[in-house]
Amino acid sequence: MFPKSNAKSQRRWQDPGAVDLRTLRELCHDLTVPATAIKLLTHVAAAESDPGPAMLARLRQISDEATRIADICSYFLDQPTDASAPPADEGPADLHILAAETADSMRWRYSGAVTVSAEPVTVTAHPVVVVRILTNLLDNACRAAGPGGRVQVTVQRDGEQARLVIADSGPGFGQAESGKASLGLSIVAAMVRRGGGSLRMGASDLGGIAVTVTLPGAGPDRQAPSLASAKGAAG
């Protein structure tokens, strides 16, 4: 559909400093259009085709994924244009709910087992930031575990902090391929640091790697809003 980029343009996009805030905002603005169109098409398909339960569930999942894209784009569009201004990272967000939703999304495209053990805990981070952390870590874990592997998501309260642990049954340190995994981990590390949290890696009881993220917990007086992805079901 689009012409292939040449080597010069590829090098430009591989340089993290080459994409400025204006370019990022333009990309996010453009992506919201097809994301909205996909959501509308799922609603039309659900209304016109009288799908069965299985197909209706798939249409809802497609709508949710399109909403997720739109949410991320809206988050970046809402960021201040002044580089010296603080980012709009304020939440709160229900970590246990978002962990369950992100795991559900991953199960549609991963042939192994993804299990979640989560106790209610709210964090100060923005819901979109939390979903990006979960998505990148789960994607890495599923890739490391491989087809038929196991991934365990654990959410716990630890005093005034929230602890997220994502463990996999992969080959462990130094055995899995890097590439996308290292990029995803660097993205997560940057978001966690910006939110006042920490990240560490260790051996998993499943045989692979366990990534532990701690984030500041939100007080009981702060109620987390629901992401649009929880509302964007088709039909």
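Starting from 1, residues in each chain are numbered consecutively following that chain's sequence as written. This being a predicted model, a pLDDT of at least 70 is required before a residue's local features are given, and a value of 80 or more before pairs of side-chain atoms are given or counted; all residues contribute to the totals for chains, interfaces and linings. Calculation of side-chain values draws on the structure's entire complement of heavy atoms; hydrogens and water are dropped beforehand.

**Let's talk about helix α3 (residues 53–77)**
Step number 1: Compared with an ideal rise of 1.5 Å per residue, which puts 25 residues at 36 Å, α3 spans 36 Å between its outermost C-alpha atoms and is within 8% of the ideal.
Step number 2: Burial status follows relative accessibility: with a 1.4 Å probe on protein chains alone, a residue under 20% of its type maximum counts as buried, one over 50% as exposed, and anything between as partly exposed. For the purposes of this entry, the term helix denotes a DSSP run of H or I that reaches at least four residues, the term strand denotes a run of E that reaches at least two, and both are numbered from the N terminus. The complete set of buried residues in α3 reads Leu59, Gln61, Ser63, Asp64, Ala66, Thr67, Arg68, Ala70, Asp71, Cys73, Tyr75 and Phe76. Helix span, as expected, comes to 1.5 Å for every residue beyond the first.

**Digging into unusual backbone geometry**
Step number 1: Residue Asp50 is not a glycine yet carries a positive backbone phi of 50°.
Step number 2: Relative to the assigned elements, Asp50 resides in the loop between α2 (21–49) and α3.
Step number 3: Judged by relative accessible area, Asp50 falls into the exposed class, the value being 67%.

**A closer look at the sheet that holds strand β6 (residues 198–203)**
Within a sheet, each strand pairs with its neighbour through backbone hydrogen bonds, oriented either parallel or antiparallel.
Step number 1: If you walk across this open sheet you meet the five strands as β2-β4-β5-β7-β6, and the pairing is mixed. Only two strands of the sheet have a single neighbouring strand rather than two, namely β2 (113–118) and β6. Averaged over neighbouring strand pairs, the angle between their axes works out to 15° when direction is ignored.
Step number 2: The rule for pairing is simple: two strands pair if DSSP sees at least two bridges between them. Inspection of the sheet shows strand β5 (residues 161–168) paired to strand β7 (residues 209–216) by seven bridges, in the antiparallel sense. Paired with Ala167 across the two strands is Ala210, which belongs to β7.
Step number 3: This element, helix α4 (residues 95–107), spans β2, β4 (150–158) and β5 of the sheet and lies at about 170° to β2. What counts as an axis is a line fitted to C-alpha atoms, over the stretch in contact for a helix, and the angles between N-to-C directions run from 0 to 180 degrees. Residues count as neighbours in contact if any of their non-hydrogen atoms are within 4.5 Å of one another.

**Observations concerning the side chain of Arg68**
Step number 1: With respect to the element layout, Arg68 can be found in helix α3.
Step number 2: The exposure class of Arg68 is buried, given its relative accessible area of 13%.
Step number 3: With residues near it in sequence (within four places) discarded, Arg68 still touches Glu101, Thr102, Ser105 and Val131.

**Re the packing of α3 against α4**
Step number 1: Between α3 and α4, whose axes approach to 11 Å, the crossing angle comes to 120°. Between α3 and α4, the interaxial angle falls into the category oblique. As for how α3 packs across α4, the hand of that crossing is left-handed. From α3, Gln61, Glu65 and Arg68 reach across to α4, where they touch Glu101, Thr102 and Ser105.
Step number 2: Counted by class, the contact of α3 with α4 contains no nonpolar, three polar and three charged residues. Oblique is the label for every angle not falling under 35 degrees (roughly parallel), over 145 degrees (roughly antiparallel), or within 65 to 115 degrees (roughly perpendicular). Crossings are assigned a handedness: left-handed for a near helix turned anticlockwise from the far helix by less than a right angle, right-handed for a clockwise turn. Nonpolar residues are Ala, Val, Leu, Ile, Met, Phe, Trp, Tyr, Cys and Pro. Charged residues are Asp, Glu, Lys and Arg, and all others, Gly as well, are polar.

**Structural notes on the packing of aromatic side chains**
Step number 1: Centre distance within 6.5 Å is the pairing criterion for rings of Phe, Tyr and Trp, where only the six-membered ring of Trp is used; planes under 30 degrees apart are then read as stacked, over 60 as edge-to-face, and the remainder as tilted. The full count for this structure, using the stated rule, is one aromatic pair.
Step number 2: Ring centres 5.4 Å apart and planes at 80° place the aromatic pair Tyr75 and Phe76 in the edge-to-face group. Like Tyr75, the residue Phe76 is buried in the burial classification.

**Structural notes on the nonpolar core**
Step number 1: Each nonpolar core is a collection of buried residues, namely Ala, Val, Leu, Ile, Met, Phe, Trp, Tyr and Cys, held together in the definition by side-chain atoms within 4.5 Å. Core analysis: the biggest nonpolar cluster contains 40 residues, and Leu95, Leu137, Val151 and Leu164 have the highest contact counts within it.
Step number 2: Taken together, the elements giving at least two residues each to this core come down to α3, α4, β3 (122–125), α5 (127–145), β4, β5, α6 (180–194) and β7.
Step number 3: Among the elements that make up this core, the one with the highest residue count is α5 (eleven residues).
Step number 4: Those residues in contact with Leu164, other than ones at most four positions away along the chain, are Leu95, Ile133, Leu134, Leu137, Val153, Thr154, Val155, Val211, Thr212 and Val213.

**Description of the environment of Thr81**
Step number 1: Here Thr81 is to be found in the loop between α3 and β1 (90–94).
Step number 2: Separated by 60 residues in the primary sequence, Thr81 and Leu21 have C-alpha atoms spaced 7.5 Å apart.
Step number 3: Among residues more than four places away in sequence, those in contact with Thr81 are Leu21 and Arg25.

**Examining the environment of Glu160**
Step number 1: Along the chain, Glu160 falls in the loop between β4 and β5.
Step number 2: A relative accessible area of 70% places Glu160 in the exposed class.
Step number 3: A sequence separation of 57 residues divides Glu160 from Gly217, and the C-alpha atoms of the two residues are 5.4 Å apart.

**A short note on the confidence of the model for the protein**
Step number 1: Residue-level confidence of the predictor is what pLDDT reports, using numbers from 0 through 100. On average, the protein scores 82 in pLDDT, and the residues at 70 or more come to 77%.
Step number 2: For the protein, helix α1 (residues 7–14) is the element with the lowest average pLDDT, namely 41, and β5 is the one with the highest, namely 97.
Step number 3: In the model, residues 7–18 has pLDDT below 50 throughout and makes five contacts with residues more than four positions away in sequence or in other chains.
Step number 4: Overall, residues 228–235 carries pLDDT values under 50, and its contacts beyond four positions in sequence, including any with other chains, amount to 24 contacts.

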